[in-house]
Amino acid sequence: MNEQGKSVFYSFFLLIIGLSLLLLISGLHLTQGQAPFTLKELVLGLWEGDGRIQSVVFGIRMPRVAVGLLAGGALAMAGLVLQTLTKNPLASAGTLGINAGAYFMVVAAAVFFPGLNSSYPFIASFLGSAFAALLVFSLAGRAMDPVRVALTGMIVSLLFAAVTSGLQLMFEQETNGLFLWGAGTLIQNDWSGFRFALPFIVCAGLLLLLLGKQFDLLLLGEEAAAGLGASIQRIKAAGWLLAIMLAAATVSVAGPIGFIGLMAPHIVRMLGIRGHLQQLIHAFVWGAFLLIAADVLARFIQPGSEIPVGAITALIGGPWLMYLAYRTGKRYKGQNQTLRGNRSKLSFPWLITSMVAALLVVAIGALAFGGGSFYSFSEMVSGALFDTVTVQFRWPRVLVAFLVGSLLALCGVLLQSVLRNPLGDPSILGITSGGGVGALSVIVLFPSLSFAWVPVGAATGAGLAIAIILLATKRSNWEPISLALMGVAVSAMGSGIIQILTVKAGVGVAPVLLWLAGSTYGMNWQDVWFLAFVLIALVPISYSFSRQLDVLALNQEVSVTLGLRIQLVRVLVLLLAVGAGAAAVAVAGAISFIGLLAPHAARGIVGVKTRFVVPVSMLLGGILLVTADLLGRLVLYPKDIPSGLLVAIIGAPYLLYIMKKL
């Protein structure tokens, strides 16, 4: 047997193994549900039963398995093609923001064009997917650098997620039922979802198989492929279009499910399958197997209730993404990043005085408005500033907003300084998601514990997240791109765990969305005293490290020459950063980007000296969150937009701007 024959035989043998595993896991899936059956009962009941087993299996469980097969296979094929087109091992419909764009458009259609979702659900999903892909493509540049593409996709996903959460909170009735679907679920009540997705996925899949050899030419390089007569632009356009179609069809019936399109292609390549025609076939099988297996695991973890399968795939795919991020980030080892800034023309005391005055103006505005009532200036002066309603409800909310913003800004300053990383932010580096996991773990798994343990859980989760990231990127000397990529992976795992804990807790959708978005709604004086204690404890210690951080910002060789104990300083400062970020998350939820925005703005005003950057950043962070909280109450009154969403909508474009400068 020649080499080609051996290759075909090997591929066929692996395909049989994959199909056998898919058949086995599908059979196991059919035994799960509200009424569990053994495999023997299932087989006998389908042929000899009284009709009850047949109706359950053929009417509910088999449609679920069938949709899982289509969705998993489609996502895997789309991921394989996207990785080829972008030359990026991290590419998939999830990491490039395509799923997030589709989900956003479906939610927007449910709010503004409800007839479109009911009659033509694929259109909204496809338009959202295409818009997200176009946005990533235009922002990443024609060179399509793999790391830049991956980070751009992450930022676009964060932006879409923020806007989508805002729509769900503001239009809860119109989007009712989309929360579980938005986390990715295979729930089916009949065969309608399968019948809807089947033609789109089959047509797109067959066209990709026909283009298999054309995709092989792209691996030779664009010049070589063009020399062989291939039309590069047409191949790429067709590949993007078909991959988007597959992702959109999947989102239409199962919601945005991540990581299948990332893992399955790599499994196929690890098995030694060559050529896109063979890889696409094997990817479909392994993608279907992974998704159905994840759904089996979800139902095993929480029998009798629904854990979104997207949460399980994130939990499984997170370590995989960490491994890929580690490999991809190694090429950037040794790059020397510095933090840039400008010196303000104003004297520092005048600058601080001006910022305090601005804070007072915004705070008075926030105190004047709330609960549908507005105090005029004369009313505020005459005593409304200290009446019962204001003191009990409005003062805690304003003070918590300022304290949380200040702590997040302090966390960002410390992270960026100690790591010399302009992308240092508690949300990007996993502190926010890790703290959220820790806080929710205490609330859900240990309900008998008092509230005082919630910050302890948040600090533990945040510390564990940042420790994993730092250990994984130590060889690259904590290069910014490597840190950001690893932060994406850890945050994805954290999001999956949060979704599982949310379902396990059985809490309502609105409180979960509110906490995930980050909000100062419903704060009390206990929250104020706790945050004030943390701030008073951490700020003087952080300020005492100003000189060391300034020396560390030069470079490692100079720092050692000047006698700085680098490792000790890094550990202590990181502990301070984790403490500040965890306290903020424990009280106000997952508020993103303040730790990124405030320090960058501060350096643009006062330069890079830490003793100036710390107070200015904290004031800016506090002003920013108090302003966002006030605008959240005013923009769509009587709707109350979480302040974290407004900050994210501002912060995501700013992060894209920073990426352009790196």
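Per chain, residue numbering runs from 1 following the sequence as it is written. This being a predicted model, a pLDDT of at least 70 is required before a residue's local features are given, and a value of 80 or more before pairs of side-chain atoms are given or counted; all residues contribute to the totals for chains, interfaces and linings. Based on all heavy atoms of the structure, the side-chain values leave hydrogens and waters out of the count.

Q: Can you lay out the overall build of the chain for me, pointing to particular residues and giving the numbers?
A: Helix numbering and strand numbering both begin at the N terminus, where a helix is a DSSP run of H or I of at least 4 residues and a strand a DSSP run of E of at least 2. Regarding its fold elements, the chain presents 29 helices and two strands. With a 1.4 Å probe rolled over the protein chains alone, any residue whose accessible area is under 20% of its type maximum counts as buried; one over 50% counts as exposed, and the rest are partly exposed. By residue count, 56% of the 662 residues in the chain fall in the buried class. Throughout, a contact is declared for two residues whenever any of their heavy atoms are within 4.5 Å. The contacts of the chain with a sequence gap of at least 6 include a subset with a gap of at least 24, amounting to 79%. When the accessible surface of the chain is split by element, carbon and sulfur atoms take 69% of a total near 28100 Å². We get accessible surface area from the Shrake-Rupley algorithm with a probe of 1.4 Å; when it comes to residues, only the shown protein chains can shield them.

Q: Explain the packing of helix 19 (residues 431-445) against helix 20 (residues 453-472) to me, and be specific about the residues and the numbers.
A: For any two helices packed against each other, one specifies the inter-axial angle together with the distance between the axes. Structural elements are reduced to axes, namely lines fitted to C-alpha atoms, with helices fitted over the stretch in contact, and the angle between N-to-C directions of any two is expressed from 0 to 180 degrees. Across the interface, helix 19 lies against helix 20 with an axial gap of 6 Å and an inter-helix angle of 140°. Here helix 20 runs oblique to helix 19, going by the angle between their axes. For the crossing formed where helix 19 meets helix 20, the hand is right-handed. On the side of helix 19, the interface is formed by Ile 431, Gly 434, Gly 435, Gly 438, Ala 439, Val 442 and Ile 443, while helix 20 contributes Trp 453, Val 454, Gly 457, Ala 458, Gly 461, Ala 462, Ala 465 and Ile 466. Angular relationships are summarised with four words: roughly parallel below 35 degrees, roughly antiparallel beyond 145, roughly perpendicular across 65 to 115, and oblique for the angles in between. Two helices crossing with the near one rotated counterclockwise from the far one by less than a right angle form a left-handed crossing, whereas a clockwise rotation gives a right-handed crossing.

Q: Before we move on, can you summarise the environment of Phe 289 with the specific residues and values?
A: Within the element layout of this structure, Phe 289 appears in helix 14 (residues 276-301). Judged by its relative accessible area of 18%, Phe 289 is buried. Placed 264 residues apart in sequence, Phe 289 and Ile 25 show a C-alpha to C-alpha distance of 7.2 Å. Leaving out residues up to four positions away in the same chain, Phe 289 has contacts with Leu 21, Leu 22 and Ile 25.

Q: So what's going on with the packing of helix 16 (residues 348-368) against helix 28 (residues 610-634)? Residues and values would help.
A: Two elements in contact, helix 16 and helix 28, have axes separated by 9 Å at closest approach and are oriented at 20°. Classed by the angle they form, the pair helix 16 and helix 28 counts as roughly parallel. Where helix 16 crosses over helix 28, the two elements pack in a sense that is left-handed. For the pair helix 16 and helix 28, contact is made by Phe 348, Leu 351, Ile 352, Met 355, Val 356, Ala 358, Leu 359, Val 362, Ala 363, Gly 365 and Ala 366 and by Phe 612, Pro 615, Val 616, Leu 619, Leu 620, Ile 623, Val 626, Thr 627, Leu 630 and Arg 633, respectively. Across the contact of helix 16 with helix 28, the residue classes break down as 18 nonpolar, two polar and one charged. Each residue is assigned to one class: nonpolar for Ala, Val, Leu, Ile, Met, Phe, Trp, Tyr, Cys and Pro, charged for Asp, Glu, Lys and Arg, and polar for all the others, Gly among them.

Q: Tell me about the packing of aromatic side chains, and name the residues and values.
A: For Phe, Tyr and Trp, rings pair up if their centres lie within 6.5 Å, where Trp contributes its six-membered ring, and each pair is then called stacked (planes under 30 degrees apart), edge-to-face (over 60) or tilted (otherwise). On inspection of all chains with the given rule, the structure shows nine aromatic pairs. One aromatic cluster is present, formed by Phe 122, Phe 126, Phe 196 and Phe 200 through successive ring pairs.

Q: Quick rundown of the pattern of salt bridges? Include the residues and the values.
A: Salt bridge, as applied in this entry: a Lys or Arg side-chain nitrogen positioned within 4 Å of an Asp or Glu carboxyl oxygen. The full count for this structure, using the stated rule, is two salt bridges. Across the pair Arg 397 and Asp 629 runs a salt bridge, and its minimum N-O distance is 3.0 Å. You can see Arg 397 sitting in helix 18 (residues 388-419) and its partner Asp 629 sitting in helix 28, a full 232 residues away along the chain. An identical accessibility class is assigned to Arg 397 and Asp 629; each is buried.

Q: Requested: an account of helix 27 (residues 594-606), with residues and values cited.
A: Here the expected span of a helix is defined as 1.5 Å times the quantity of residues minus one. Compared with the 18 Å implied by 1.5 Å per residue over 13 residues, the 18 Å span of helix 27 between its first and last C-alpha is a close match. For helix 27, a buried count of 10 out of 13 residues is recorded, marking the element as mostly surrounded by other parts of the structure. All of the buried residues along helix 27 are Ile 594, Gly 595, Leu 596, Leu 597, Ala 598, Pro 599, His 600, Ala 602, Arg 603 and Val 606. In the stretch just after helix 27, Gly 607 is the one whose phi turns positive, near 90°.

Q: Which residues make up the nonpolar core, and what are the values?
A: Membership of the largest hydrophobic core comes to 192 residues, with the highest contact counts inside it found for Ile 98, Leu 208, Leu 246, Ile 257, Val 404, Leu 407 and Leu 531. In terms of residue count, the dominant contributor to this core is helix 3 (residues 52-86) (15 residues). Once residues lying within four places of it in the same chain are set aside, the contact partners of Ile 257 are Leu 75, Asn 99, Gly 184, Leu 186, Leu 291, Val 309, Gly 310 and Thr 313. Throughout, nonpolar core names a set of buried Ala, Val, Leu, Ile, Met, Phe, Trp, Tyr and Cys residues whose side chains join them through atoms within 4.5 Å.

Q: A description of unusual backbone geometry should follow, citing residues and the corresponding values.
A: In this structure, Lys 87 is a non-glycine residue whose phi angle is positive, near 55°. Along the polypeptide, Lys 87 turns up in the loop between helix 3 and helix 4 (98-112). When its relative accessible area of 53% is taken as the criterion, Lys 87 is described as exposed. Phi at Phe 259 takes a positive value of approximately 75°, unusual for a residue other than glycine. Within the fold, Phe 259 resides in the loop between helix 12 (232-254) and helix 13 (260-270).

Q: Give me the lowdown on the side chain of Ser 92, citing residues and values where you can.
A: For Ser 92, the position within the fold is in the loop between helix 3 and helix 4. Accessibility expressed as a relative area gives 1% for Ser 92, which makes it buried. If sequence neighbours within four positions are ignored, Ser 92 has contacts with Gly 79, Leu 82, Gly 261 and Leu 262.

Q: Break down the confidence of the model for the chain for me, with residues and values.
A: Chain-level pLDDT for the chain is 79 on average; 79% of the residues reach the 70-or-more range. Per-residue confidence from the prediction method is given by pLDDT, with values spanning 0 to 100. Per-element confidence in the chain ranges from a low mean pLDDT of 55 for helix 25 (residues 556-561) to a high of 91 for helix 9 (residues 192-210).

Q: Give a detailed account of the environment of Ala 93, specifying residues and quantitative values.
A: Examined against the element boundaries, Ala 93 turns out to sit in the loop between helix 3 and helix 4. Owing to a relative accessible area of 3%, Ala 93 belongs among the buried residues under this scheme. Excluding its chain neighbours within four sequence positions, the residues that come into contact with Ala 93 are Leu 82, Ile 98, Asn 99 and Ala 247.

Q: Now, about the side chain of Gln 279: what can you tell me, with residues and values included?
A: Along the chain, Gln 279 turns up in helix 14. Judged by relative accessible area, which is 9%, Gln 279 ranks as buried. Sequence-distant contacts of Gln 279, defined by excluding residues within four places in its chain, comprise Leu 80, Val 268, Arg 269, Ile 273 and Arg 274.

Q: Can you break down the environment of Met 493 residue by residue, with the values?
A: Structurally, the position occupied by Met 493 is in helix 21 (residues 480-505). On a C-alpha basis, the gap between Met 493 and Leu 321 in space is 9.6 Å, while along the polypeptide they are 172 residues apart. Those residues within four positions of Met 493 in sequence are excluded, and the remaining contacts are Ala 314, Leu 315, Gly 318, Pro 319 and Met 322.

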